[in-house]
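# What the coordinates show
Chain residues, written in single-letter form:
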Amino acid sequence: MFTRILTPVDLAHKDRLGRALQCAADLARLHGVPVVYVGVSASVPTAVAHNPAEYKTRLSEFAAAQGAAHGIETEAHARISHDPATDLEATLLKAIDETGADLVVMASHVPGLADRIWASNGSRIAEHAKVSVMIVRDAPA
Amino acid sequence: MTDETANQGIPDPEGTSAVIDTDFEIGQSNVEGSALGLHFDIHNPVFMISGLSIIAFVFYTIALPEQAASVFSAMFDFTTKNFDWFLILAADVVVVFTLLLIVTPYGSVRLGGSDATPDYSYVGWFAMLFAAGMGIGLMFYGVSEPLTHFSTSLGETAVENGLRTDWAPLAAATGDQDGAVRLGMAATIFHWGLHPWAIYATVALALALFTYNKGLPLTIRSAFYPIFGEKIWGWRGHVVDTVAVFATLFGLATSLGFGATQANAGLNELFGIPMGNTTEVILITAITAVALISVLRGLDGGVKLLSELNMGLAGLLALFTLIVGPTVFLLTFFLQSLVAYVEYLPALANPFGRDDVNFSQGWTSFYWAWWISWSPFVGMFIARVSRGRTVREFVVCVLLIPSMVCVLWMSIFGGTAIHQVLTDNFTGAQDAELPLQLFKMLGELPLASITSFIGIVLVIVFFVTSSDSGSLVIDTITAGGKVDAPVPQRVFWCIFEGAVAIALLIGGGLAALQSMVISTGLLFTVVLLAMCYCIFRGLQSERAKM
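Residues numbered from 1 in each chain as written. Chains lettered and ligands numbered in written order. Predicted model: local features only at pLDDT ≥ 70, side-chain atom pairs only at ≥ 80, totals over all residues. Heavy atoms only, no water.

When helices and strands are tallied, chain B shows 18 helices and four strands. In terms of overall dimensions, chain B is globule-like: its C-alpha atoms have a radius of gyration of 23 Å, near the 24 Å expected for 546 residues. Considering only C-alpha atoms, chain B reaches an extent of 80 × 55 × 50 Å along its principal axes. Counting the 546 residues in chain B, one finds 60% classified as buried. Intrachain contacts of chain B at a sequence separation of at least 6 include 82% that bridge at least 24 residues. Entry remark: accessible area of chain B is about 19,500 Å², with carbon and sulfur atoms responsible for 67%. (Helix = DSSP H or I, 4+ residues; strand = E, 2+ residues; numbered from the N terminus. Rg over C-alpha atoms; globule rule 2.2 N^0.38 Å. Buried < 20%, exposed > 50% of the residue type's maximum accessible area, 1.4 Å probe, protein only. Contact = heavy atoms within 4.5 Å. Areas by Shrake-Rupley, 256 points an atom, 1.4 Å probe, with all protein chains shown as cover.)

Before going further, it helps to spend a moment on the packing of aromatic side chains. Aromatic rings considered in pairs are described by the distance between their centres and by the relative angle of their planes. As enumerated under the stated definition, the model contains 36 aromatic pairs over all chains in all. Here the aromatic rings of Tyr-37 of chain A and Phe-62 of chain A are separated by 5.5 Å at their centres, their planes lie at 90°, and the arrangement is edge-to-face. Taken together, the positions of Tyr-37 of chain A in strand E2 (residues 35-41) and Phe-62 of chain A in helix H2 (residues 52-70) put the pair 25 residues apart, joining distant regions of the chain. An identical accessibility class is assigned to Tyr-37 of chain A and Phe-62 of chain A; each is buried. Taken together, Phe-76, Phe-126, Phe-130, Tyr-141, Trp-192, Trp-197, Tyr-200, Trp-363, Phe-366, Tyr-367 and Trp-371 of chain B form an aromatic cluster joined through their ring pairs. Its guanidinium or amino end placed over the ring of Tyr-122 of chain B, Arg-389 of chain B lies 4.3 Å from that ring's centre, counting from NZ or CZ. (Phe/Tyr/Trp six-rings, centres within 6.5 Å; stacked < 30°, edge-to-face > 60°. Lys NZ or Arg CZ within 6 Å of the ring centre and 35° of its normal.)

On to the packing of helix H12 (residues 357-384) of chain B against helix H16 (residues 448-478) of chain B, then. All names here are of chain B. The N-to-C vectors of H12 and H16 enclose an angle of 85°; their axes lie 9 Å apart at closest approach. Comparing their axes, H16 and H12 come out roughly perpendicular. Residues Phe-377, Met-380, Phe-381 and Arg-384 of H12 form the contact with H16, whose own contacting residues are Ser-466, Ser-469, Gly-470, Val-473, Thr-476 and Ile-477. Here the residues of the contact of H12 with H16 are counted per class, giving five nonpolar, four polar and one charged. (Axes fitted to C-alpha atoms, helices over the stretch in contact; angles between N-to-C directions. Parallel < 35°, antiparallel > 145°, perpendicular 65-115°, else oblique. Nonpolar A, V, L, I, M, F, W, Y, C, P; charged D, E, K, R; others polar.)

All names here are of chain B. Taken as a whole, the second largest pocket encloses approximately 550 Å³ of empty space. Lining the second largest pocket are 27 residues, with Tyr-141, Gln-262, Phe-366, Trp-370 and Gln-514 sitting closest to its centre. Residue assignment for the lining of the second largest pocket shows that the elements contributing at least two residues are helix H4 (122-133), helix H5 (135-154), helix H9 (235-271), H12, H16 and helix H18 (510-545). The element best represented in the lining of the second largest pocket is H12, accounting for seven residues. Of the residues contributing to the lining of the second largest pocket, the split by class is 18 nonpolar, nine polar and no charged. (1 Å grid on protein atoms, 1.4 Å probe; cavity = no way out; pocket = protein on both sides within 12 Å on 5 of 7 lines; lining within 4 Å. Points joined across faces, edges and corners; volume = space filled by probe spheres on them.)

Moving on to the confidence of the model for chain A. Taken as a whole, chain A shows an average pLDDT of 89; of its residues, 95% reach a score of 70 or greater. Least confident of the elements in chain A is helix H4 (residues 121-128) of chain A, whose mean pLDDT is 88; most confident is strand E1 (residues 5-8) of chain A, at 95. (pLDDT = per-residue confidence, 0-100.)

As a further point, take the side chain of Glu-145 of chain B. Residues and elements named next belong to chain B. Counting through the fold element by element, Glu-145 comes out in helix H5. Buried and unpaired, Glu-145 has Arg-354 as its nearest opposite-charge partner, separated by 11 Å. Here His-149 takes part through its side chain, which lies 2.9 Å from a polar atom of the side chain of Glu-145. Among residues more than four places away in sequence, those in contact with Glu-145 are Ala-187, Thr-188, His-191, Trp-192, Trp-363 and Tyr-367. (Lys, Arg positive; Asp, Glu negative; His and termini not counted. Salt bridge = Lys/Arg side-chain N within 4 Å of Asp/Glu carboxyl O. Polar contact = N/O pair within 3.5 Å; in protein donor to acceptor, adjacent residues only side chain to side chain.)

All names here are of chain B. Counting through the fold element by element, Asn-44 comes out in helix H1 (residues 44-63). For Asn-44, a relative accessible area of 32% puts it in the partly exposed group. Expressed as a C-alpha distance, the spacing of Asn-44 and Ser-222, which sit 178 residues apart in the sequence, is 17 Å. Apart from residues lying up to four places away in sequence, Asn-44 is in contact with Ser-29 and Val-31.

As a further point, take helix H13 (residues 391-424) of chain B. Residue and element names in this part refer to chain B. Between its terminal C-alpha atoms H13 stretches 47 Å, which fits the 50 Å expected from 34 residues at 1.5 Å a residue. For H13, the principal kink sits at Cys-397 and spans about 30°. Looking one or two residues beyond H13, the residue adopting positive phi is Asn-425, at roughly 55°. (Expected span 1.5 Å × (residues − 1). Bend = angle between axes of the 7 residues up to and from the residue.)

Here the focus is the pairing of E1 of chain A. Residues and elements named next belong to chain A. What you see with E1 is no split at all: Ile-5 and Thr-7 on one side and Leu-6 and Pro-8 on the other are buried throughout. Where E1 lies against E2, four bridges are found, and the strand directions are parallel. Note that in E2 the partner of Leu-6 across the bridge is Val-36. Bridging between E1 and strand E4 (residues 103-107) involves two bridges; their strand directions are parallel. The residue bridging Ile-5 from the neighbouring strand is Leu-103, located in E4. (Pairing = 2+ DSSP bridges.)

Bringing the confidence of the model for chain B into the picture now. For chain B, the average pLDDT comes to 87, and 96% of its residues sit at 70 or higher. Between residues 1-13 of chain B, whose pLDDT stays under 50, and residues either more than four places distant or in other chains, the model counts 24 contacts.

Residues and elements named next belong to chain A. For the structure on display, the rule yields 18 salt bridges over all chains. Put simply, Glu-54 and Arg-58 hold a salt bridge, and the shortest N to O gap is 3.3 Å. Taken as a pair, Glu-54 and Arg-58 lie in helix H2 at a separation of four residues, close to a single helical turn. The partner of Arg-58 in a salt bridge is Glu-61, with the nearest N and O atoms 3.2 Å apart. Of the two residues, Arg-58 and Glu-61 are both situated in helix H2; the distance of three residues between them amounts to about one turn of the helix.

Once that is clear, we can look at the sheet that holds strand E3 (residues 74-80) of chain A. All names here are of chain A. The strand order across the open sheet built from five strands is E3-E2-E1-E4-E5, with neighbouring strands paired in parallel fashion. Across the chains shown, the open sheet's two edge strands, defined by having one partner strand only, are E3 and strand E5 (132-136). The mean angle between the axes of side-by-side strands here comes to 25°, regardless of whether they run parallel or antiparallel. Packed on one face of the sheet, H2 meets E2 and E3 and runs near 155° to E3. Taken strand by strand, helix H3 (residues 84-99) contacts E1, E2, E3 and E4, and its axis lies near 150° from that of E2.

What follows covers the packing of helix H2 (residues 65-82) of chain B against H18 of chain B. When two helices pack together, their arrangement is captured by the angle between the axes and the distance separating the axes. All names here are of chain B. Across the interface, H2 lies against H18 with an axial gap of 8 Å and an inter-helix angle of 35°. In the packing of H2 onto H18, the handedness of the crossing is left-handed. Together, Ala-68, Ala-69, Phe-72, Ser-73, Met-75, Phe-76 and Thr-79 of H2 and Ala-512, Leu-513, Ser-515, Met-516, Ile-518, Ser-519 and Leu-522 of H18 make up the contact between the two elements. Each residue belonging to the contact of H2 with H18 can be placed in one class, and the counts come to 10 nonpolar, four polar and no charged. (Left-handed = near helix turned anticlockwise from the far one by under 90°.)

Turning to H12 of chain B, a few remarks are in order. Residues and elements named next belong to chain B. Here H12 spans 38 Å end to end across 28 residues, near enough to the 40 Å set by a 1.5 Å rise per residue. Bending of H12 peaks at approximately 50° at the position of Ser-375, with proline Pro-376 no more than four residues after it. Of all 28 residues making up H12, 26 are buried, and the element is well covered by its neighbours.

All names here are of chain B. By secondary structure assignment, the location of Gly-509 is in the loop between helix H17 (487-507) and H18. In this structure, the C-alpha to C-alpha distance between Gly-509 and Tyr-60, residues 449 residues apart in sequence, is 9.2 Å. Excluding its chain neighbours within four sequence positions, the residues that come into contact with Gly-509 are Thr-61 and Leu-504.

Here we take up unusual backbone geometry. Residues and elements named next belong to chain B. If you check the backbone angles, Leu-170 has positive phi at about 50° while not being a glycine. Within the element layout of this structure, Leu-170 appears in the loop between strand E4 (163-164) and helix H6 (177-192). On the accessibility criterion, Leu-170 (13% relative accessible area) is buried. The phi angle at Asn-425 is positive, at roughly 55°, despite the residue not being glycine. On the secondary structure map, Asn-425 appears in the loop between H13 and helix H14 (428-431).

Structure (structure tokens):
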């Protein structure tokens, strides 16, 4: 059904990704397809890495660790953006094309009042992506 | 999850660079959370202290306007009268320092590591650093400053109680029309040429070096790592960053306030739009709204786009004036002004024993303090967009090319206005108020209504480009150097800046706070000189790795 799964990851907030990562891995095993982890960073130093080259290394390490933990095939796809706070969605949409993924599995928070004005990244990707998008919310309380 | 990859030593960046090994993790002192469903990620001391003290200062100037005005103007007088030599000397040191970087082997160090590639094309890069740096000033002073210095130079010098009371630069050129033109242009170019750009270049280079090559967060304090070491992450750093936020926000808010007044005068002249607070508040709101769209669209989709648009429009306006104005006169005028600048530069840059006190204190020291107080903002913005350039390329493009563009601009606009005075006996521009001088000059040329309209658009868009890049800078500093902090934060700073401008405009206190901002320039002069030392140390360690 799917040939390649794309999962955006924020390496600075890995703790918030648990359910989405698990879900992506389960689907990957079910269909026997690889997961591409996409990370977007800036060229200035961030909490994750001092420079773009180091960021790529970090993301590859993350992908390898996921592959080992879940027993799936994984890839890393790092993108550097001039202004990640605003270019995130455009960069992710580009990454979907670049990687040829046909399913996006991504984490998002439970929508609240502010989402009526300020849509979450997840909802905007779902709105604009040409491929299927699965949004994984936090666990119900 | 078996992911234990974070913080396992630092691999090489792109090619070689001497990364500073610090225990500090970017965002370590930040507070993250959400309020009303909106996320935030801020550097707590810097965000809170600068935000609250800005509010306190606004209340003070509005509640006790007379006291505030006298306190701040006393501070300002004290600075320019007693420390004029220090400001002039420091700016000279910075010019020599940056010029030396071009010719020494340190010039070959590449920002971002030896294999880094530039993030922006020359055009985009140049447009952004110009739009943030002085676009708006060129619109206001392009005609008026050459005219002013020309007039005062032509006039007589006057001495009272052993002090010169006239405003002429150096020894003036009383009665000598050619001499007055040359001296007037040299004095103008002096204020817009090498010195301001050397100040910006130094701050920008310090930040770019310690961010891209040393791996420290993109915030002002990082440049002081060679002096304070790990202590920079404590209160010393908070102070540096807070002062930078303070100077940036008040610098932007006061010029936004004054700019609205001036744009209003232009609109009144052209379209008869009424003068007054209502129009000005509408203008500030509109400028802030456009800036808001720009920051929401981000660096590439907003700031860069507007900067390029503005550079194109400004280029067209200059080209138009050059072609329909006295073309041959302007071309020789450009060369003649450049020669005059070189000739008078040593005398104008001399910090000691000046007898033209009004000029050297009221003009030169004022300008230097103003450029220096803007340098954290402009420097940080230039740093953000300069990755991948070598130090030599950087200095040439931030120092020499903008200086030449300023000479050209001043020659075209000032030259046309002076030509109108000398050959057409048209003194309309000379007699008009400062914000109108550009429009009076354009009014004598063909297609005046179109060019004046472009002039107003340029003024307004230059304000937008200062406002949006300023919001990005303040947001980054108050987020501890994070450029990917949640977007609502930069929206907050953009609106806050407009609100401060409106409060000061209605409540009074624009002039008072502007003199305070300029007074902070003195403080930053010490910072600037320290930065030269830090750049030298930083480049030394880069060279050692090459």
